[in-house]
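Residues per chain are reported as follows:
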Amino acid sequence: MASPISKKKGTSAIMHRQKFEGHTDRIWGVIHLPGGQRIITCSEDGSLRVWNLKSGKQIGDDWRDGDSGVSSIALAPDGKKVVSGSNDGAVRLWDIDTGKVVTKWTGHTEGVESVCWSRDGRRVLSGSWDQTARQWEVESGEILASIETGHERVWAVVYSPDTTLIATGGWDGPRAGAESSIKIWDAKTGELVATLKGHTDAVLCLAWTKDGKTLISGSFDSSIRTWNTTKWKQIAVLDEHTNVVYAIAISPNNRILASASYDTTARLWNLDNGQPIGSPIQHAEQVNCVSFSAGGKQLATGCDDENAYIWDIAAILQEAGLDDLLSDRQAKKSTLHVNATRPPIQVHRSVPQGFFDGVSPSHSSARSYPRSSALPASTFLSRLFHRNPYDVHETSPSSPPDWARNLLKRHKQNGEVIEFQGCKPADVEVPYAKGKRRNASAGERRKRPLPWQNSATSSSRPPKPNATQQSGTATQTQPSLPQPATSNSSTTPAVGDNAAATSSAPSRPDVVLRQAGLWARFWLFIGCLSPEYQDGRH
């Protein structure tokens with residue numbers, strides 16, 4: 001296999017990667033087959049042939065069905081069939097695996113110069129020198145529509161990507177050299193949609209970009225023209241060829257155009273800016289067809305010298321400094337768009353933002369802080385652990401503090417399960433015994449005393465009436481069954497030394513605590529209790 005590029009005397013010459021020899025007449029069509037290892041060609045010699053890309057050798061026998069020259073071929077979307085148009089006016093469907101004709105459609109009265117598949121593979125479009133374009137249903141073989149184009153000869157036909165439109169091109173006059181047009185037809189009704197004028201000679205080839213926004217044509221007038229399919233206006237003229245442009249093909253990524261010309265060259269064009277890429281690809285004789293591989297890295301050409309060739313597109317682009325043209329522009333844009341619109345990563349704090357909003361101003365310290373969505377941590381901690389003379393108010397376990405209600409109310413609105421229940425918690429009447437700390441509520445009854453708590457320091461706490469039992473010299477507290485508080489009195493029971501409280505005043509389990517110590521304030525906060533004590537010893 002020859003090297004793709006060789007340099008002589010300071011100039012660069014592009015060399016083919018593979019050559020396929022065997023046809024006995026000019027090659028009119030070439031396409032890459034699925035798998036990237038084979039190509040198929042059609043020729044004026046009446047045959048279709050399959051070739052091994054690596055070795056350059058023919059695979060199997062010629063595909064033949066009569067002696068008529070084969071003018072055009074197209075691969076089905078499923079990659080399993082090939083359709084061909086012949087000089088005898090027949091359209092043939094071939095099975096790739098067997099190399100045999102599956103069906104033969106007749107109806108054209110002159111040679112079929114162009115064939116094309118619909119995207120869904122259900123229809124085939126053919127254009128003939130009999131001035132018509134016909135649509136065939138693949139399954140039944142019936143003619144769905146026949147369009148009288150008005151061209152003297154139809155050279156090129158192509159479906160739009162969505163198969164709603166058909167473009168046709170050819171000779172519009174009785175002889176070569178007359179101004180010719182491209183005509184756009186409604187594929188369903190066969191009605192004329194638009195006529196594109198600009199070429200000064202017959203239109204021989206057509207190709208539609210995948211997005212359907214641009215139609216490209218090649219002509220006997222040696223030019224290539226691009227057309228806006230929204231306004232049906234000409235966009236640009238590519239005029240580097242010096243003779244008839246016989247065939248064109250668009251790369252799979254829609255960024256490179258290849259053209260074949262009677263000036264014995266094939267050319268590559270940058271569809272991003274309409275400029276030619278590198279030097280012309282030279283052949284021995286006129287070039288009749290071009291085809292990109294599935295990845296766009298190889299180009300196949302067919303020539304009047306009866307041979308087909310493979311060219312390394314990647315090497316040509318690298319030499320021209322345009323390697324990026326092999327990438328998919330739309331995929332790159334899509335990736336950039338996703339990255340640009342992706343929301344920033346959210347970092348959640350251990351304490352959710354706004355957790356302490358709504359705390360009552362009356363609970364603040366004497367120093368005022370501005371309101372914000374989240375109070376400073378230092379403010380909150382100092383409020384929790386620092387005793388403040390302004391930080392005294394009364395409350396009871398059956399009536400949660402306003403600041404606690406407000407604090408948890410926000411979480412309830414956010415759908416969280418944490419919330420204050422409006423009902424009173426069950427109070428427990430606990431007898432008082434000297435040296436034992438009394439409990440303030442049923443919730444605290446279950447807590448173990450902390451190791452650093454001393455019974456001597458808590459002996460002066462007020463006892464609970466009604467439930468003291470003594471055995472011998474030891475005083476033991478027995479909690480009574482839970483009972484709801486029934487007293488409306490605000491009087492605090494008297495403190496006894498070592499005897500049971502016998503006051504007739506109703507009991508009040510609500511305990512008002514003032515000036516709690518550091519750890520007491522912390523644990524009471526955890527238990528959602530009011531951090532105040534009443535005895536003034538802390």
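Residues numbered from 1 in each chain as written. Predicted model: local features only at pLDDT ≥ 70, side-chain atom pairs only at ≥ 80, totals over all residues. Heavy atoms only, no water.

A. Representation of the side chain of S180 within the structure. Tracing the chain through its elements places S180 in the loop between β17 (165–171) and β18 (181–186). What makes S180 buried here is its relative accessible area of 2%. At a separation of 3.3 Å, a polar atom in the side chain of S180 contacts the main-chain amide nitrogen of D172. Setting aside residues up to four positions removed in sequence, S180 forms contacts with G170, W171, D172, H199, D201, A202 and V203. (Helix = DSSP H or I, 4+ residues; strand = E, 2+ residues; numbered from the N terminus. Buried < 20%, exposed > 50% of the residue type's maximum accessible area, 1.4 Å probe, protein only. Polar contact = N/O pair within 3.5 Å; in protein donor to acceptor, adjacent residues only side chain to side chain. Contact = heavy atoms within 4.5 Å.)

B. Layout of the pattern of salt bridges. Inspection of every chain in the model, using the stated rule, returns 12 salt bridges. The salt bridge partner of R92 is D88, with a shortest N-O separation of 2.9 Å. According to the relative accessible area criterion, R92 is buried, its value standing at 3%. For the salt bridge of R255 with D272, the shortest nitrogen-to-oxygen distance reads 2.6 Å. Separated by 17 residues along the polypeptide, R255 in the loop between β24 (245–250) and β25 (256–261) and D272 in the loop between β26 (265–270) and β27 (275–282) bring together distant segments of the chain. (Salt bridge = Lys/Arg side-chain N within 4 Å of Asp/Glu carboxyl O.)

C. Region of interest: the pairing of strand β21 (residues 214–219). Among the 6 residues of β21, 6 are classified as buried, and the element is accordingly described as predominantly covered. The alternating pattern of β21 places T214, I216 and G218 and L215, S217 and S219 on opposite faces, both of which are buried. The pairing of strand β20 (residues 203–208) with β21 spans 5 bridges and is classified as antiparallel. In the strand pairing of β21, W208 is matched with L215. Linkage of β20 to β21, two consecutive antiparallel strands, is achieved through a turn of 5 residues, within which G212 is found at a positive phi near 75°. Relative to strand β22 (residues 224–228), β21 runs antiparallel, the two being bridged by 5 bridges. Its bridge partner being in β22, G218 is matched across the sheet by I224. In this antiparallel pair of consecutive strands, β21 and β22, the connection spans 4 residues, and S222 shows a positive phi of 75°. (Pairing = 2+ DSSP bridges.)

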